[in-house]
Amino acid sequence: MVEKSWSKPVEGTAMKVSFLKLKRLKHVLRGFNKRCYGDLSEKVQDKRKELEAAQLELDTKNNRSTIEVLVTKSGGRVESQAELTEEIVGYFKRILGTFDTAVVVPSGGLLQELYQCSLTSDDQEVIGNRIERREVKNAMFAQKAYFLKTRNIVGDDVTAAVLEFFQVNNLLPAFNSTLVALVPKKLNSSCMKDFRPISCCSVIYKCITRILIDRMTSFLPKLNAGNQSAVIHGRSVSDNSLLAQEMVRVWQEITVT
């Protein structure tokens, strides 16, 4: 079924071909699910409605799949879809803040002067080499995604789509879109601070990111400063805090004596 749908020709760029084939395959799989498991899905839906009715009756508001009520910062309650959307979007806008036009973006030369570290010309040539199919394969295997089970069918098109990105430096919007899911930190979450946002990216996007990470990993030790602790394997950001506390303690002892 997958092979039959995927083998039908589609015209366009490599990324567009992969997107259109995936879109067509989605409808085929939905039809298969409806034909073979339609009754089971209806039973699941009926039981889910019974469960939701029982939850509403008990007023627990413990439905993790849907946010039904939120308590605002002022203590008010919002329940409609429009109000919930406005509250969620507004919450993250307040966290991210607004763009300050007075802030001047530093030049690359200034950053390099402050950082005093850069790659050699040989390293720059190696990291800028053309992406190979082997790298795409390794990155895709690291995702453990659906594509692995059907790689003999979709492998060539997906690989071509990833390689095209590194050639044209442009990603199709469909692959660049991200679904943000709000995961509750505790039971009966009612405020936005009780939810943790998680970004669900497309597999193509993750594959491209993985390739860039694999390329940069071997060069990062040359760019990391000796006193840099955050986001470095084998180091902890708390080391700097402990060191600062120890310095203050020693300085106080010297001052007293």
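**As for the overall build of the protein chain**
Secondary structure summary: the protein chain contains twelve helices and four strands in total. Considering the protein chain as a whole, with its 257 residues, one finds that 22% of them fall into the buried category. A total of about 19,300 Å² of accessible surface is found on the protein chain, and carbon and sulfur atoms cover 56% of it.

**Quick notes on the packing of aromatic side chains**
One pass over the full model with this rule turns up three aromatic pairs. Relative to Phe166, the ring of Phe165 lies with its centre 5.1 Å away and its plane at 80°, an arrangement referred to as edge-to-face.

**Overview of the nonpolar core**
Ranked by size, the top nonpolar core spans 21 residues in total, and within it Val136, Val162, Leu171, Ile204, Cys207, Ile208 and Ile211 carry the most contacts. At the level of secondary structure, the elements contributing two or more residues to this core comprise α1 (2-6), α2 (14-58), α6 (133-143), α8 (151-168) and α10 (203-217). With six residues, the top contributor of residues to this core is α8. Those residues within four positions of Val162 in sequence are excluded, and the remaining contacts are Val136, Ile204, Cys207, Ile208 and Ile211. In this structure, Val78, Leu84, Met192 and Phe195 belong to the second largest nonpolar core, which totals six residues.

**Examining the packing of α6 against α8**
Viewed as axis vectors pointing N to C, α6 and α8 meet at an angle of 115°, and their least axial separation amounts to 10 Å. Note that α6 runs across α8; the crossing there is right-handed. Each of Arg133, Val136, Met140 and Phe141 in α6 lies in contact with α8, whose residues at this interface are Arg151, Asp156, Val158, Thr159, Val162 and Leu163. Residues belonging to the contact of α6 with α8 are distributed by class as follows: six nonpolar, one polar and three charged.

**Details of the confidence of the model for the protein chain**
For the protein chain, the average pLDDT comes to 80, and 89% of its residues sit at 70 or higher. For the protein chain, per-element mean pLDDT is lowest for helix α7 (residues 146-149), which scores 68, and highest for α10, which scores 88. Segment residues 59-63: pLDDT under 50, and 13 contacts once partners within four positions in sequence are set aside and those in other chains are kept.

**Details of α8**
Its 18 residues give α8 an end-to-end C-alpha distance of 24 Å, which sits within 8% of 26 Å, the value for a rise of 1.5 Å per residue. Buried within α8 we find Val154, Gly155, Asp157, Val158, Thr159, Ala161, Val162, Leu163, Glu164 and Phe165.

**Details of α10**
Helix length check: α10 (15 residues) gives 21 Å between terminal C-alpha atoms against 21 Å at 1.5 Å per residue, within 8%. Every buried residue of α10 is listed here: Ile204, Cys207, Ile208, Ile211 and Arg215. Down the axis of α10, the buried side of the element spans an arc of 95°, and every buried residue falls inside it. Contacts from the buried residues of α10 go to α5 (121-127), α6, α8 and α9 (173-176).

Calculation rules
- Residues numbered from 1 in each chain as written.
- Predicted model: local features only at pLDDT ≥ 70, side-chain atom pairs only at ≥ 80, totals over all residues.
- Heavy atoms only, no water.
- Helix = DSSP H or I, 4+ residues; strand = E, 2+ residues; numbered from the N terminus.
- Buried < 20%, exposed > 50% of the residue type's maximum accessible area, 1.4 Å probe, protein only.
- Areas by Shrake-Rupley, 256 points an atom, 1.4 Å probe, with all protein chains shown as cover.
- Phe/Tyr/Trp six-rings, centres within 6.5 Å; stacked < 30°, edge-to-face > 60°.
- Core = buried A, V, L, I, M, F, W, Y, C linked by side-chain atoms within 4.5 Å.
- Contact = heavy atoms within 4.5 Å.
- Axes fitted to C-alpha atoms, helices over the stretch in contact; angles between N-to-C directions.
- Left-handed = near helix turned anticlockwise from the far one by under 90°.
- Nonpolar A, V, L, I, M, F, W, Y, C, P; charged D, E, K, R; others polar.
- pLDDT = per-residue confidence, 0-100.
- Expected span 1.5 Å × (residues − 1).
- Arc of directions from axis to C-beta.

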